Amino acid sequence: MTAAPGRKAVVVGAGIVGVCSAFTLQREGWAVTLVDPDEPGQGCSFGNAGVLANTNVAPVAMPGVLAQVPGMLMDPMSPLTIRWSYLPRLMPWLIGFLRASTPSRVEAISHALANLSRRVFEDLTPLVEEAGASDLVLRRGYIGVYRNPAKLAGLRAELALKRQRGMRVEELGPDELRQLEPALARDIVGGYHIPDAGHTVNPLALTQRLVAAFQRRGGIVRRARVLDFAEFGDAGPRSVVTDAGSIPCDLVVVAAGSYSRALAARLGADVPLDTERGYHTVLPRPGIELRMAMMCGDGGFAITPMATGVRLAGTVEFGGVEAAPNFQRLDPLRKHAKALLPGLDMRDGSQWMGRRPSMPDSVPVIGRSPRHRNALLAFGHGHLGLTYAAVTGRLVADLAADRAPALDMTPYDPARF
Ligand SMILES: Cc1cc2nc3c(=O)[nH]c(=O)nc-3n(C[C@H](O)[C@H](O)[C@H](O)COP(=O)(O)OP(=O)(O)OC[C@H]3O[C@@H](n4cnc5c(N)ncnc54)[C@H](O)[C@@H]3O)c2cc1C
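Every value quoted in this text rests on a predicted model; they were computed, and no experiment measured them.

Draft legend 1. How the structure looks around the overall build of the protein chain. Regarding its fold elements, the protein chain presents 12 helices and 21 strands. For 417 residues, the compact-globule estimate of 2.2 N^0.38 gives 22 Å, and the C-alpha radius of gyration of the protein chain, at 21 Å, lies within 12% of that figure. Here the protein chain, with 417 residues, has 57% of them falling under the buried criterion. Roughly 16,600 Å² of accessible area belongs to the protein chain as shown, and the carbon and sulfur atoms make up 53% of that amount.

Draft legend 2. Looking closely at the layout of surface pockets. Quantified by volume, the second largest pocket comes out at close to 310 Å³. As for the second largest pocket, its lining consists of 17 residues, and the residues nearest its centre are Y86, R89, R261, L273 and D274. Listed by contribution, the elements that provide at least two residues to the lining of the second largest pocket are helix 3 (87-99) and strand 15 (274-283). Here the lining of the second largest pocket gets four residues from one element, more than from any other, and that element is helix 3. Grouping the amino acids of the lining of the second largest pocket by side-chain chemistry returns nine nonpolar, four polar and four charged.

Draft legend 3. Geometry of the pattern of salt bridges. Tallied over the entire structure, the rule returns 26 salt bridges. One salt bridge connects E39 with R223, and the closest N-O pair in it is separated by 2.7 Å. Of this pair, E39 sits in the loop between strand 2 (31-36) and strand 3 (51-52) while R223 sits in strand 10 (residues 220-223), and the two are 184 residues apart along the sequence.

Draft legend 4. Structural view of helix 1 (residues 16-27). For helix 1, with 12 residues, the first-to-last C-alpha span of 16 Å sits near the 16 Å given by 1.5 Å per residue. Among the 12 residues in helix 1, 11 count as buried, and that is most of the element. Buried within helix 1 we find I16, V17, G18, V19, C20, S21, A22, F23, T24, L25 and Q26. Positioned one or two residues after helix 1, G29 has a phi angle of 100°, which is positive.

Draft legend 5. Main features of the packing of aromatic side chains. In total, this model carries four aromatic pairs according to the counting rule given. Consider the rings of W93 and F97, whose centres lie 5.3 Å apart with planes at 15°: the pair is stacked. Within this pair, W93 and its partner F97 are both found in helix 3, separated by four residues, close to a single helical turn. Residue classification places W93 among the buried residues on the basis of a relative accessible area of 3%. Their ring planes at 85° and their centres at 5.9 Å tell us that Y279 and F327 sit as a pair that is edge-to-face. In this pair, Y279 is assigned in strand 15 and F327 in the loop between strand 18 (309-318) and helix 11 (331-340), connecting sequence segments 48 residues apart. Here the aromatic residues W93, F97 and F318 are joined through ring pairs into a cluster of three or more. Over the face of the ring belonging to W30 we find R7, whose NZ or CZ atom lies 4.5 Å from the ring centre. Here the guanidinium or amino end of R139 rests over the ring plane of F121, the centre of that ring lying 3.8 Å away.

Basis of the calculations
- Residues numbered from 1 in each chain as written.
- Predicted model: local features only at pLDDT ≥ 70, side-chain atom pairs only at ≥ 80, totals over all residues.
- Heavy atoms only, no water.
- Helix = DSSP H or I, 4+ residues; strand = E, 2+ residues; numbered from the N terminus.
- Rg over C-alpha atoms; globule rule 2.2 N^0.38 Å.
- Buried < 20%, exposed > 50% of the residue type's maximum accessible area, 1.4 Å probe, protein only.
- Areas by Shrake-Rupley, 256 points an atom, 1.4 Å probe, with all protein chains shown as cover.
- 1 Å grid on protein atoms, 1.4 Å probe; cavity = no way out; pocket = protein on both sides within 12 Å on 5 of 7 lines; lining within 4 Å.
- Points joined across faces, edges and corners; volume = space filled by probe spheres on them.
- Nonpolar A, V, L, I, M, F, W, Y, C, P; charged D, E, K, R; others polar.
- Salt bridge = Lys/Arg side-chain N within 4 Å of Asp/Glu carboxyl O.
- Expected span 1.5 Å × (residues − 1).
- Phe/Tyr/Trp six-rings, centres within 6.5 Å; stacked < 30°, edge-to-face > 60°.
- Lys NZ or Arg CZ within 6 Å of the ring centre and 35° of its normal.

This is the structure:
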């Protein structure tokens, strides 16, 4: 494809965020090169729980989180753990995390997240339809289920916040939940139902189909690692430097997930990005039928019916990007899942670890570099990168076109820290 003058874009990172950004830019007439050292979709986007959580409004750090953390770190069944050697490097991030949990910050953050959440399907559906991937996205709702009454009570603040932001959420008793998912255990005490949510049955295939559609329109995928940016002019870099040569650009979008921090710094943005590592196992012959994705409230992880089996996915491990996986982190997921779904066949489960690109305030970075007009940053989506990928692509395309986005971009500004 011949690039129109002034319309060459390079997107760094072919995870779901980079792919949706590249595809949306291309649909608006940009000649786009997508650069990744790996095949598209092999990073964090490979192994998520697949939930399209379009009613999310709550940051990870809710009021009271500080009091809960010590107990969680001591409990081997808890969804949170830390590699203690990493603590000194994590401290600035943790301080930002705790600061984000005050009631006034949570109120502000909930508006920022709600504004993204409301647009999830509006922005995702056109991409999915063009990619012929509608079979991979089901809109069957989402449930959260509890066996522990104290944990169920602890959830009420989050449900109230969802309602305040106008999201539809229904509290359900055990019988109503079992009517939705008959495989649930007899001893569940209650939970909630989010009728408007959805899930993908295959996150990797979804990314791959979007990439295939992007390539059909002439988009280029280059297997290379971006090392730097060069040939800085008035608007910013005119060249992206990779380990396989340089690529000319009029616009660059950094969407390299957990690896974005150093690249953003080269473009003048100092962002406190760190990583919340998560794990999954896929049970290939689950032996039960599930209709929709669910949150196991007691264990704080998702259980999703996928094309390849039932996926148990979640947990948070602080330990940086380099540390080797600790697959024992999957033991609590297996135990909680078996208690919640007694018929679940746990044999032959696969094991995977991925790195969520996480900001301390749970709000992604989507915006212009503070120093260069032609450099856009799109990363830090934490627990919700699949959900917010297409919305991010839309906002990136708006900024690239110098069009005012339909929502206030201040909360996502890379210079907010
Ligand atoms: C266990 C778990 C469950 C989750 N469940 C959900 C869920 O249910 N719903 C949801 O919305 N989200 C979920 N998430 C979060 C979601 O998966 C992430 O937020 C999302 O995948 C981030 O996408 P990304 O494109 O930013 O990053 P990635 O998918 O990690 O992609 C980044 C890409 O950048 C590339 N890259 C890195 N460095 C360079 C470089 N120098 N040059 C070029 N390319 C580079 C990498 O190779 C990679 O392909 C979950 C995450 C985990 C771990």
